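Coordinates in review
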Amino acid sequence: MQYISTRGDAPELAFDDVLLAGLAADGGLYVPKTYPALDRDAIAALAGIPYADAAARLIAPFAAGTFPGNVLAQATRSAYSGFSHASVAPLVQIADNLFVLELFQGPTLAFKDLAMQLLARLMNHALEQRGRGATIVGATSGDTGAAAIEAFRGQDRVDVFILYPDGRVSDVQRRQMTTVADSNIHAIALKGTFDDAQSILKSLFRDKEFRTGVGLAGVNSINWARVVAQTVYYFTGAVSLGAPLRKLSFAVPTGNFGDVLAGYVAKRMGLPISRLIVATNANDILARALATGRYEPRGVTPTQSPSMDIQLSSNFERLLFDAMGRDPAALRAAFAGLDQSGGFDIPESALRAIREEFDARSVSEEETTAEIARTWRESGYVLDPHTATGVRAARESLAKDPSTPVIALATAHPAKFPAAIEKAIGRAAPLPAKMERILTAAERYTLLDNDEARIRSFIAENARAKPVGAGA
Ligand SMILES: Cc1ncc(COP(=O)(O)O)c(C=O)c1O
Ligand SMILES: N[C@@H](CCOP(=O)(O)O)C(=O)O
């Protein structure tokens, strides 16, 4: 399986090189040349097998020719062995035809663990084989950073630098990142937004000298391996509700568009998904884009679902690439419009293609609080505020089409956002006992201006792993 850049001007790479490359050298995102297809028997055969084995089966065609089957199987087993629930991503029914898929059973209580635990193992294997190290730089609005730090802490081959927007993540999220003592971990509080952090990250990737000099690698959903690992729970969730014989929809709390893109990829691979329902908070660029056809960021509004406080949804580029007939020149022109005039119009045919598969709904702060309260009242289940946006959008979909079940992705544990939960139901959800130490442990982080040059020099000064060879 070979991978190409959405911008059309970077070398084609194999899976292991894509894994280490992060952003393509031309500033684009890597996508597979074709999506592997699974027939109905292969999908049905996923029923009842351990999550780790389903992951190894589903990821194998993407990794063909790079990671042998036994290495992949070992990596998935090890990655999911530390999850709190035996089924890794359990499904819970909260109303008629409405289910939540709990993706927060991993070590940092958010869906990011499902991909990150595996990514760390695969990256280590690839680095070991090359006899080199890497410098991982990540941008986070709260959860990717914690998951990456947990997955890579204490490892010899990698240094990890995580940029998070100062004052714009929850206390639990911040403490997950800043109370880790391992010397290969560097939490950077950026005086800016997540979008600023992601823009600096992409710019560092475009700087060839820096990229090759420090062996830059990425763990955001820029990295195709993240997206692939996230397709797995769409399959396991759907199969446990009767797929491929039964069609269903997914409601996905969305920010950087990685998670819902994974659903789109699962559908391309053959999973019968009816609708992919994009739920946003007040940062509603995706809902506006689908409604009006204009992709145009506005300033970021802080909300009680901070991990979705994102305007520039990186992975929307991958969807647009497909919707525009995989024409890199047209895609480059669209993104030039974004740089030059602050937005672009999605071509009519592409918009039609996107609307055929996706719905989008922006959920207000009041609606989010009301949804947490309603679900608690009616089913005794506590939603985190991100998941609540998805459940709210799911209920609207069910009102229109009550016979198609909807799975809402539960992307974080409610204990990560105690203020939002307390406001909605009058009491906070407790942190699991094993995590209580972060509430009192000493914090370690560096506060830096929203200044690319300063970030670059901080990383260069502190990067410990010195790569022998250049990156991609
Ligand atoms: C808890 C939570 N929910 C939803 C999202 C949005 O996911 P994505 O950025 O993949 O759209 C994030 C951030 O990624 C998150 O941390
Ligand atoms: N919501 C994310 C933002 C980064 O998204 P990613 O999926 O591209 O890593 C976060 O919590 O950090």
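Below is a summary of the structure that appears in this document. Predicted model only: the values in this text are computed from it and were never measured.

This part is about the site of ligand 1. Lining the immediate environment of ligand 1, one finds 17 residues, of which Asp143, Asn256, Gly258, Ser307 and Thr411 sit closest. With three residues, helix H11 (residues 258-268) is the largest single contributor of residues to the shell around ligand 1. In the shell around ligand 1, the residues fall into six nonpolar, nine polar and two charged.

Attention shifts here to the packing of helix H10 (residues 224-240) against H11. One can describe the packing of H10 onto H11 by two numbers: an axis separation of 8 Å at closest approach and a directional angle of 65°. Viewed along their axes, H10 and H11 adopt a mutual orientation that is roughly perpendicular. Seen from above, H10 lies across H11 with right-handed handedness. For the pair H10 and H11, contact is made by Arg226, Val227, Gln230, Thr231, Tyr234 and Phe235 and by Gly258, Asp259, Leu261, Ala262, Gly263, Val265 and Ala266, respectively. By residue class, the composition of the contact of H10 with H11 is seven nonpolar, four polar and two charged.

This next bit is on the site of ligand 2. Neighbouring residues of ligand 2: 13 residues in total, closest Thr140, Asp143, Thr144, Asn220 and Ser221. Here the shell around ligand 2 gets three residues from one element, more than from any other, and that element is helix H6 (residues 143-152). Class assignment of the residues belonging to the shell around ligand 2 gives a composition of no nonpolar, twelve polar and one charged.

This next bit is on the sheet that holds strand E14 (residues 358-362). On the basis of which strands lie adjacent, the open sheet formed by six strands has the order E4-E5-E15-E10-E11-E14 and mixed pairing. Looking at which strands have only one partner, the edges of the open sheet turn out to be strand E4 (91-95) and E14. Strand after strand, the sheet turns through a mean of 25° between neighbouring axes, direction not considered. Pairing geometry for strand E5 (residues 98-102) and strand E15 (residues 406-410), over five bridges, is parallel.

Here the focus is the environment of threonine 231. Its location among the elements puts threonine 231 in helix H10. Each C-alpha atom, one on threonine 231 and one on valine 260, is 9.1 Å from the other, the two residues being 29 residues apart in sequence.

Rules of the game
- Residues numbered from 1 in each chain as written.
- Chains lettered and ligands numbered in written order.
- Predicted model: local features only at pLDDT ≥ 70, side-chain atom pairs only at ≥ 80, totals over all residues.
- Near = placed C-beta within 6 Å.
- Helix = DSSP H or I, 4+ residues; strand = E, 2+ residues; numbered from the N terminus.
- Nonpolar A, V, L, I, M, F, W, Y, C, P; charged D, E, K, R; others polar.
- Axes fitted to C-alpha atoms, helices over the stretch in contact; angles between N-to-C directions.
- Parallel < 35°, antiparallel > 145°, perpendicular 65-115°, else oblique.
- Left-handed = near helix turned anticlockwise from the far one by under 90°.
- Contact = placed C-beta atoms within 7 Å.
- Pairing = 2+ DSSP bridges.

Distances and angles like these do not, on their own, reveal function.
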